[in-house]
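Reading the structure
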Amino acid sequence: DTDDDSGNDPLAQTFLIEEDGGCFITKIDLFYQLKDNVLPTWVEIRNVINGYPGPKVLPFGRKVITPDQVNLNDTTGTTPTKFTFDSPVFLQAATEYCVVLQTDSLDYRVWIAQMGETDVSGSDRVISKQPTLGVLFKSQNNRTWNAIQMQDLKLTINRAKFKNVLGTLALSN
C-alpha cells in the first residue's frame, strides 16, 4: 500500500494492458521541465478502482530517484528521465493500471500533452488525439482524484521482451 498521509500532490496517468497474457514492465520514462535540488521524486504502478487511481502499489512497482538522476528539458520535453524498477513489474491482461508520480517538493514540473496545442518537441504538430486510452488525474491529498480529460502525462512505458530459451528447473521439498 501507499503512504496516504504524505501530504503530497501526486499526478496519475491510467493505461490499459491489451497484450494477451499480460506483460512485464521494466522502466518508465518521464519528462521533466524543473526539479528540486534536494528532495527525491518517485513513481508507483498502482491498481485502478472504478476508473480512478487506487491505493495498492504493485509488487516491485515503486522506484525513487534523486534530483541528480532527473534530466531537465526546459523547452522541448525530449530527454527522458528513466525510472528503472528493481525487478520487472507484472501487469495482467485486460486490466487498467496507473502510473502515479509523487514528490514532497513543490519544485518538480513534468511535461504533459494538451489536446489542441502544438507539440513543443519541434515537430510543430498539433496534438489531435490522446496517445493512450487513459486519463490524467490530479490530487491534493493522494486519496481524492480529479480527472483531466484533455491532458495526458508525457511518458513511455517500457515492456520486457523475453526470448524463448529452454532450460531445466529443479524443485525439491
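Description of the structure in this document.

Rules of the game
- Residues numbered from 1 in each chain as written.
- Predicted model: local features only at pLDDT ≥ 70, side-chain atom pairs only at ≥ 80, totals over all residues.
- Heavy atoms only, no water.
- Helix = DSSP H or I, 4+ residues; strand = E, 2+ residues; numbered from the N terminus.
- Polar contact = N/O pair within 3.5 Å; in protein donor to acceptor, adjacent residues only side chain to side chain.
- Contact = heavy atoms within 4.5 Å.
- Pairing = 2+ DSSP bridges.
- Axes fitted to C-alpha atoms, helices over the stretch in contact; angles between N-to-C directions.

**Some thoughts on the side chain of D29**
- Along the chain, D29 turns up in strand β2 (residues 23-30).
- Within polar-contact distance, the side chain of D29 engages the side chain of K82 at 3.5 Å.
- Among residues more than four places away in sequence, those in contact with D29 are P80, T81, K82, K154, L155, T156 and N158.

**Here's the deal with the sheet that holds strand β7 (residues 95-103)**
- One open sheet accounts for six strands, arranged β5-β4-β7-β1-β10-β11; its pairing is antiparallel. Strands at the two margins of the open sheet, each flanked by one partner only, are β5 (52-65) and β11 (145-148). Sheet twist, expressed as the average angle between the axes of neighbouring strands with direction ignored, equals 30 degrees.

**Things to note about the sheet that holds β2**
- Read across the open sheet, the three strands follow the order β6-β2-β13; overall the sheet is antiparallel. At either margin of the open sheet sits one strand with a lone partner, and together these are β6 (81-91) and β13 (155-159). The average angle at which neighbouring strand axes cross in this sheet is 25 degrees, direction not considered.
- Taken together, the five bridges between β2 and β13 define a ladder with antiparallel strand orientation. Residue I25 lies in a different strand from β13, and its bridge partner there is R159.

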